[in-house]
Each structure stands twice: as C-alpha cells, then as structure tokens.
Amino acid sequence: MKRSILFSFFYSFLILLLLDTSVYGNLPEDAKGWKAGLARAIITPAEPIWLAGYASREHPSEGTLVDLWAKVLALEDAKGKKVVLITTDLLGFPEKMSDRIRNQIAIKYGLMRSQIILSSSHTHTGPVLMDALFDIYPLDKKEVEVVRTYSDNLEKKIVTLTGEAIRSMAAARLYSQNGLTRFQVNRRNNIDSTLTSTTELKGPNDYSVPVLKVTDVSGKIMAVAFGYACHATVLSFYKFSGDYPGFAQIELEKMYPGITAMFFQGAGADQNPLPRRTVPLALQYGRELAAAVDRILNENMIELDPSISTAYSEVKLTFSTPPTIDELKKIEKESTGYQQSWARHQLETLGKNGSLITSYPYPVEVWKLGDQVIMTLGGEPVVEYAIDLKKLFGPGIFVIGYSNDVMGYIPSESILKEGGYEGLSSQMVYGLPAKWNSDTPEKILKEFEKVAEKAGVNKVLK
Ligand SMILES: [Zn+2]
C-alpha cells in the first residue's frame, strides 16, 4: 500500500517534470531586484580514470595539468523565480546522468527542467562518465567501476553545489553583451595540415563571445559566465585539464580576484581550435578568450531587468533506417575498434528488445533574463544552429550547446547531406542506431519557435 502511494507520488512528480513551467513558487512581495548565488568545487578525479572524447587513447589518465571544476550560478528575479546555470569541465552529460541530476534538483530544490541548464565545456581531457560513448573506450570491468564511482560522486556533488548556490543568494545586478574572438576554425571546410600556408579560411563560423556579468549591489563583480563555439580539443594527452576553456576561466579569475568565471560551450561541433595539440596553444586560446571577455567587462554592458521567463521541451527526433541484422553481422565480422563494438551492441539490443530505438527526445530550452535571450541545445550542435537561431531571434541571443543531454552530433541540413564525421560516422561513436533523418534541423528550429513563444521571446524574422 505504502509502496503504491510512494510510486504514484513519484510518478506524478515525473509527469510534473515533463511539463513545461514558466512560473514557479509563491512570489514574495518585498523582492525588488536580482539575487545571485554561487558555488564551486573541484571535480578532478582522485585516481587514474579513462579520459573522454578520443577513441585513440590506450590507457587511463596520468596526472593533472590543471584542476577540473563544477560551478553553479543561481539567479532569482524580483518575483522569486529561480534558475540555475551549471557549468563543468567535462565532455558532456549523457542522458541518464543528466536525468538523475535534474530529477534530484527538482526533488530537493523544486526547480523544473526549464529552470536548469546543465552544461559542459566539452574538454577532451576530462574523465569518461557512466554510459557515455562506451563503444570507443576499451574499458575493462575494474575501469568501468572507477567510472561508475566517479560518476555517482559527481552527481551528488553537483546536486549539493546547486543547493549551496541557491542558499547563498544575495542582492545582485546582471549585465549581458556579446563580444568576439576568432581562433575557431571550421574543421570540415579547412584542412588542418595546410593551415600555415592558407591565406583564406572557409566558414561558416560564429565568433561571438556571449558574456553575462553578475555584480553585487555595489558594482563589484561576483561572477562572469561566458561562452564560445569551438571544440575543446587543443589537448589530447593523458593529463586532466579544462583545455582552452579551463585556461580562459583561470585567466579571468586571475584578472578579477575573487570572482567565479564559468564557461559554456556554444554550437561548436564543427569548429576546432587550430592549430592545436600543445599546452602553450591551449593557454594562448584561453588568454584570447579571456581577453575578449575582459574587453566586454570594460565596455558598457546592458543591464538586465530582474525578470526571468523560461521554457523547455523535448522534441522527438527520428533516425533513418538502421542496418539489417545481416549488415550488422558483417560490420561486426569485418571491422575493428569502435565500429565492431557498436555493431555488437546493436545486435545485442536487437536480441534483447527485438528492435532498435527509432527516435530520441531532444532537449530544447529558452531562458529570458531581462531582455537577454539564451537558447540551449542538447548534443553537439554544429555552428549553423547558432547562425540560424540568430537569424530568427536576433544577433544578440546567447546560444549554448552541449547541455542537458549530450547524445550525439546535431548536424545541419547541408552536413546531413554531405555526411562525414558530424553528419554520419559520429553516430556510431555515440552508439546511436543510424543517422538522423533529414527533417532533424527543421524540427529543432520549429521547436525553438514554439518554446521561445512560451518563454515570451519574439522572432525578429517572420
Ligand atoms: Zn565533439
């Protein structure tokens, strides 16, 4: 009896989680302005663990270049509505981990999915997380347990930090503005090895550096949240590091002692920091990005009114026809490495469930802080999403990728047609059954139109 009551309570709660909500809680009448709170913790693993993002690594990590961080900014508007921005020096949260973290935040602090952005910098020198890209890492059982223990502790830490950030909220002011810097290179349309002799780089690109500044009421900077659309792949070695976003945060925290600098990754799935592969280069790009943020902090930023509106939804994206059993068996027999592992897993799923998944619930989220619009995408979105969303909603919007669930690459219409890594073969890396259907980009943009409307954001392009 008790069990069924508990179950139905939990079930109704889950239903509630799925519903979009733009208003939460009772509204205190005396609140006048913003409130902001911060919390941070080092999340560098204490023991060797496999590093995420490359199929070519052969063994677990060997030491630390710089620490990895999880940071939380909690904001409350004049009516008492709250949001939390969570940034991490990690590759990306897979669905199950993200769901557990966001469910715990909902249960403990009453925040719905529309009020949470759980994002990652996409550093390729961070730890492998549970159930993420397992086909590309040759983990043995013991190594999987190391990943499981780390992931469990990380989940708890992020939930705890969120509570600390909410509890520490105090009167604040908020400002926003876009800056720019140009070290990203479109990696599909330029050849890495010929860059030194290249005189014209090919796009598309989005050089924006979105900056959100939080000060106390006296004007002293408390936090800076900033972004850039570019893979955090300068480094591919065996030491933990936040790559260029890690260095950018460290540089800003040196420039402005006492602040919390937080990085969010943009729609940078087809952008690389080129040239790359040395620590001085990662530091250079970090400094370039920090300098771009510093310039904005020293110019007139737009002050945001203390109002928050948010909306969230999950749109059903579908996959094209997956390979047949015979085709999968052929891949398993004839290929090696992650292709073989992928084919084996697909065959196991077919054996167990009789079918492969045909669709995926893709998260789309919109925040409006004062007049600043923030659009958040799941997965690894290519830069055309930022370009298209800015065409629809104006050049001043902030676009965040790699948030809430990083389930695969999110190609544009042209990249889906062209194929290649971002359009096709990366689906195997992520363990997905087949390529996304051709209507994927259109569905995502249409969903943003709906979600934006719910959040009170108007289109500039009709
Ligand atoms: Zn990537």
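Residues numbered from 1 in each chain as written. Predicted model: local features only at pLDDT ≥ 70, side-chain atom pairs only at ≥ 80, totals over all residues. Heavy atoms only, no water.

1. Some thoughts on the environment of I49
And then number 1: By the secondary structure assignment, I49 is in the loop between β1 (34-42) and β2 (69-76).
And then number 2: With near-sequence residues (within four places) excluded, I49 lies in contact with P60, S61, P127, V128, V146, V147, Y150 and F240. (Helix = DSSP H or I, 4+ residues; strand = E, 2+ residues; numbered from the N terminus. Contact = heavy atoms within 4.5 Å.)

2. Thoughts on helix α10 (residues 420-429)
And then number 1: Listed in full, the buried residues belonging to α10 are E422, G423, S426, Q427, M428 and V429.
And then number 2: Against the buried residues of α10 lie α7 (337-353), β17 (409-410) and α9 (413-418). (Buried < 20%, exposed > 50% of the residue type's maximum accessible area, 1.4 Å probe, protein only.)

3. Concerning the coordination of the zinc ion
And then number 1: All of the protein donors around the zinc ion are H122 (NE2), H231 (NE2), E380 (OE) and Y409 (OH); their distances to the metal are 2.0 to 2.7 Å.
And then number 2: When the donor residues of the zinc ion are listed from N- to C-terminus, their spacing reads H-x108-H-x148-E-x28-Y. Taken together, the residues span a long stretch of sequence, with E380 in strand β15 (residues 380-381) and Y409 in strand β17 at a distance of 29 residues.
And then number 3: Judged by relative accessible area, Y409 falls into the buried class, the value being 3%. (Donors = N, O, S within 2.8 Å, 3.2 Å for Na, K, Ca; no water.)

4. Re the sheet that holds strand β16 (residues 398-400)
And then number 1: With mixed pairing, the four strands of this open sheet are ordered in space as β12-β13-β14-β16. Both outer strands of the open sheet, β12 (308-318) and β16, are each paired with one neighbouring strand and no more. The average undirected angle you get between the axes of adjacent strands in this sheet is 15°.
And then number 2: Pairing of strand β14 (residues 372-377) with β16 involves three bridges; the strand directions are parallel. Within the sheet, the bridge partner assigned to I374 lies in β16 and is F398.
And then number 3: Lying over the sheet, helix α8 (residues 384-393) contacts β14 and β16, oriented at roughly 145° with respect to β14. (Pairing = 2+ DSSP bridges. Axes fitted to C-alpha atoms, helices over the stretch in contact; angles between N-to-C directions.)

5. Notes on the packing of helix α2 (residues 95-109) against helix α3 (residues 141-167)
And then number 1: Orientation of α2 relative to α3, taken along the N-to-C sense of each, is 35°, at an axis distance of 10 Å. When you trace α2 past α3, the crossing you get is right-handed. Here α2 contributes M97, R100, I101, Q104, I105, K108 and Y109 to the contact with α3, which in turn contributes S151, L154, E155, I158, V159, T160, T162, G163 and I166.
And then number 2: Split into classes, the residues belonging to the contact of α2 with α3 amount to eight nonpolar, five polar and three charged. (Left-handed = near helix turned anticlockwise from the far one by under 90°. Nonpolar A, V, L, I, M, F, W, Y, C, P; charged D, E, K, R; others polar.)

6. Quick look at unusual backbone geometry
And then number 1: Omega for the peptide link from G203 to P204 comes to 0°, which places this bond in the cis form.
And then number 2: Inspection of the secondary structure assignment puts P204 in the loop between β6 (184-186) and β7 (208-216).
And then number 3: Of the consecutive residues L274 and P275, the connecting peptide bond is found in the cis state with omega at -5°.
And then number 4: The topology assignment puts P275 in the loop between β10 (271-273) and α5 (279-297).
And then number 5: Notably, D243 is not glycine yet its phi reads approximately 55°, a positive angle.
And then number 6: Take D243: it is sitting in helix α4 (residues 243-255).
And then number 7: In this structure D243 comes out as buried when scored by relative accessible area, which is 0%.
And then number 8: Even without a glycine there, the phi angle at R277 is positive, about 95°.
And then number 9: Position of R277 among the secondary structure elements: in the loop between β10 and α5.
And then number 10: By relative accessible area, which is 36% here, R277 ends up partly exposed.

Honestly, it's all geometry; don't read function into it.
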